[in-house]
Amino acid sequence: MTNNHLTDETLQAFLLKESQDDAVAAHLSACAECREKLENYQRLVAGMQKMAPESFAFDVTTVVMDKVVRYERQKKRMQELVFWGLLSILIIVIIAFSIPFLSQIRAVFTAIPVFTMLLIIGTGLVVLLFLIVDLNTQYKRKAEKIFQNKLQPIR
Ligand SMILES: [Zn+2]
């Protein structure tokens, strides 16, 4: 029996419970050499099972989270671009519509004192600035809320 040892394939199949051969079990109980081989395989498989899930889960989580974060950042940048694009178009349209009345507007400003004119322009600019800042902060708050809701299910 000792010169007819079990092959590596037979030992692996027995270990992974692919085969439940009585002859293999009988040989293992009689032969210390094959038993040692089987124990070595057992240790190897146990080590692999211990290591594989941990490294796999870690890598997948990192990769997925990295991709999600990059995607959200790209989306945010795109939405910001759209927001500023629309705002510029709006300003251009307003300017374009006010061009035919430019002479009338100038007539109004030349008719009034310089100090009053500066006051009017200054007030207009401040109001415009506040509107833009308010619009921007509101937009950012909304965008943050949307992104938070979207990111929540991913754990
Ligand atoms: Zn043997």
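Since the structure is predicted, the reported quantities are computational estimates derived from the model, not experimental observations.

K.L.:
Run through a nonpolar patch on the surface, naming residues and quoting values.
P.N.:
A cluster of nonpolar side chains, namely Met78, Leu81, Val82, Leu86, Ile89, Val93 and Phe97, defines an oily patch on the protein surface of about 750 Å² accessible area. Position of Ile89 among the secondary structure elements: in helix H3 (residues 32–98).

K.L.:
Just give me the short version of the packing of aromatic side chains, but keep the residues and values in it.
P.N.:
According to the stated counting rule, one finds two aromatic pairs in the structure shown. Centroid distance Phe83 to Trp84: 5.0 Å. Interplanar angle 75°. Geometry classified as edge-to-face. Looking at Trp84, the relative accessible area reads 37%, which means it is partly exposed. A ring pair is formed by Phe83 and Tyr139, whose centres lie 4.9 Å apart and whose planes are at 15°; its orientation type is stacked. Pair noted here: Phe83 is in helix H3 and Tyr139 is in helix H5 (residues 114–151), with a separation of 56 residues, a long-range link. With relative accessibility at 12%, the residue Phe83 sits in the buried group. Through a chain of ring-to-ring contacts, the aromatic side chains of Phe83, Trp84 and Tyr139 assemble into a single cluster.

K.L.:
Tell me what's going on with the coordination of the zinc ion, and back it up with residues and numbers.
P.N.:
Taken together, the protein ligands of the zinc ion are His5 (ND1), His27 (NE2), Cys31 (SG) and Cys34 (SG), with distances of 2.0 to 2.4 Å. Taken together, the four donor atoms coordinating the zinc ion and their angles of 94 to 125° define a geometry best described as tetrahedral. One chain supplies every donor to the zinc ion, and in sequence these donors are spaced H-x21-H-x3-C-x2-C. Note that His5 is positioned in the segment before helix H1 (8–15) and Cys34 in helix H3, a separation of 29 residues in sequence.

K.L.:
With reference to specific residues and values, describe the nonpolar core.
P.N.:
Taken as a class, soluble globular proteins show a tendency for nonpolar side chains to be buried jointly. Ranked by size, the top nonpolar core spans ten residues in total: Leu6, Leu11, Phe14, Leu15, Val24, Leu28, Cys31, Cys34, Leu38 and Tyr41. At the level of elements, H1, helix H2 (22–30) and H3 are the ones that each hand at least two residues to this core. If we ignore the near neighbours within four places in the chain, the residues touching Leu38 are Leu11, Phe14, Leu15 and Leu28.

K.L.:
Can you tell me about the layout of surface pockets, naming the residues and giving the values?
P.N.:
Taken as a whole, the largest pocket encloses approximately 200 Å³ of empty space. Together, Leu87, Leu90, Ile91, Ile94, Ile95, Leu128, Leu131, Ile132 and Leu135 line the largest pocket. Looking at the lining of the largest pocket, the elements that each hand over two or more residues are H3 and H5. For the lining of the largest pocket, the element with the highest residue contribution is H3, accounting for five residues. When the residues that make up the lining of the largest pocket are grouped by side-chain class, the tally is nine nonpolar, no polar and no charged.

K.L.:
Tell me what's going on with the confidence of the model for the protein, and back it up with residues and numbers.
P.N.:
In this model, the protein carries a mean pLDDT of 82, and residues with pLDDT of at least 70 account for 86%. Within the protein, helix H4 (residues 102–111) has the poorest average pLDDT of any element, 77, and H2 the best, 90.

The rules behind the values
Each residue is numbered by its place in its chain's sequence as written, counting from 1. Whole-chain, interface and lining totals are the exception, using all residues; otherwise, since this is a predicted model, local features are given only for residues with pLDDT of at least 70 and side-chain atom pairs are given and counted only at 80 or more. The side-chain values count all of the structure's non-hydrogen atoms but skip hydrogen atoms and water molecules. Only residues above 30% relative accessible area that lack a salt bridge enter a patch, with like-charged residues linked at up to 9 Å and the nonpolar side chains Val, Leu, Ile, Met, Phe, Trp and Tyr linked at up to 5 Å. Per-residue accessibility takes into account occlusion by the displayed protein chains alone, with areas from the Shrake-Rupley method and a 1.4 Å probe. One side-chain nitrogen of Lys or Arg within 4 Å of one carboxyl oxygen of Asp or Glu is enough to make a salt bridge. Each helix is a run of DSSP H or I of at least 4 residues and each strand a run of E of at least 2, with the numbering of both proceeding from the N terminus. Pairs were defined over the aromatic rings of Phe, Tyr and Trp, the Trp ring being its six-membered one, requiring ring centres within 6.5 Å. Orientation was assigned from the angle between planes: stacked under 30 degrees, edge-to-face over 60, tilted for the rest. Burial classes follow relative accessibility: with a 1.4 Å probe on protein chains only, a residue under 20% of its type's maximum area counts as buried, one over 50% as exposed, and anything between as partly exposed. Only nitrogen, oxygen and sulfur atoms qualify as donors, and only when within 2.8 Å of the metal (3.2 Å in the case of Na, K and Ca); with water excluded, sites may look incomplete. Here a site with four donors is tetrahedral if all angles are between 85 and 135 degrees, and a site with four or six donors is square planar or octahedral if opposite donors are over 155 degrees apart and the other angles are between 65 and 115; anything else gets the irregular label. Definition of nonpolar core: a set of buried residues of the types Ala, Val, Leu, Ile, Met, Phe, Trp, Tyr and Cys, connected through side-chain atoms within 4.5 Å. What makes two residues a contact is simply this: any of their non-hydrogen atoms within 4.5 Å. Lining residues are defined by having an atom within 4 Å of a point belonging to a cavity or pocket. Those points lie on a 1 Å grid over the protein atoms alone, cavities being sets where a 1.4 Å probe fits but cannot get out and pockets being open sets with protein on both sides within 12 Å along at least five of seven lines. Grid points are joined across faces, edges and corners, and a volume is the space filled by probe spheres set on the points. Put simply, Ala, Val, Leu, Ile, Met, Phe, Trp, Tyr, Cys and Pro go in the nonpolar bin, Asp, Glu, Lys and Arg in the charged bin, and everything else, Gly too, in the polar bin. On a scale of 0 to 100, pLDDT captures the predictor's confidence in every residue.

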